[in-house]
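Structural description and commentary
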Amino acid sequence: MGALWIAHVEVTDPEAYGRYAALAGPAIAQHGGAFIARAARYVTLEGKERARHVVARFPSLEAAEACYRSPEYQAALEHARGASERDLVIVELTE
């Protein structure tokens, strides 16, 4: 069963966040993740407004969590800390 990695982001330092994105993409791909939405059009109906939304599909919830905890992704994440406000959730698909 697959899983979705869903991030809602407000970038506060575009240069540092760019370094995060350059490293995060390969780390996500290395764990079987593929982006299905990134900085696309959106409508916020409830909750905190964030300007950027990213959705990646993984083969499983465990693969997505392993990606997040991996040394490669944690190295990328160092660039996002202080350069963004983020909410991130992994949701298992029920299909």
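Since this is a predicted model, take the numbers as computed values, not measurements. (Residues numbered from 1 in each chain as written. Predicted model: local features only at pLDDT ≥ 70, side-chain atom pairs only at ≥ 80, totals over all residues. Heavy atoms only, no water.)

Overview of the pattern of salt bridges
If you walk through the whole model with that rule in mind, you get 5 salt bridges. E85 serves as the salt-bridge partner of R50, at 3.3 Å between the closest nitrogen and oxygen. Pair noted here: R50 is in the loop between β2 (34-38) and β3 (52-58) and E85 is in strand β4 (residues 84-92), with a separation of 35 residues, a long-range link. The buried category is assigned to R50, whose relative accessible area is 6%. Here R69 makes a salt bridge to E65, at a shortest N to O gap of 3.0 Å. Taken together, the residues span about one helical turn, with R69 and E65 both in helix α2 (residues 61-69) at a distance of 4 residues. Its relative accessible area of 58% is what places R69 among the exposed residues. The exposure class of E65 is partly exposed, given its relative accessible area of 33%. Through salt bridges with shared partners, one network takes in R50, E85 and D87. (Salt bridge = Lys/Arg side-chain N within 4 Å of Asp/Glu carboxyl O. Helix = DSSP H or I, 4+ residues; strand = E, 2+ residues; numbered from the N terminus. Buried < 20%, exposed > 50% of the residue type's maximum accessible area, 1.4 Å probe, protein only.)

Notes on the nonpolar core
Membership of the largest hydrophobic core comes to 20 residues, with the highest contact counts inside it found for W5, Y17, Y20, I28, F58, C67 and Y73. When contributions to this core are tallied by element, the ones reaching two or more residues are β1 (3-11), α1 (14-30), β3, α2 and α3 (71-80). If one sorts the elements of this core by residue count, α1 sits on top with 6 residues. Discounting chain neighbours no more than four positions away, the residues touching Y17 are V9, V11, R52, H79, A80, A83, S84 and R86. (Core = buried A, V, L, I, M, F, W, Y, C linked by side-chain atoms within 4.5 Å. Contact = heavy atoms within 4.5 Å.)

Let's talk about the side chain of H53
Inspection of the secondary structure assignment puts H53 in strand β3. Residue H53 is classed as buried on the basis of its relative accessible area of 16%. Within the local environment of H53, its side chain forms a polar contact with the backbone oxygen of R50, the two atoms lying 2.9 Å apart. When residues no more than four places from it in sequence are discounted, the contact partners of H53 are A7, H8, A37, R38, A39 and Y42. (Polar contact = N/O pair within 3.5 Å; in protein donor to acceptor, adjacent residues only side chain to side chain.)

Taken by themselves, the reported measurements are silent on function.
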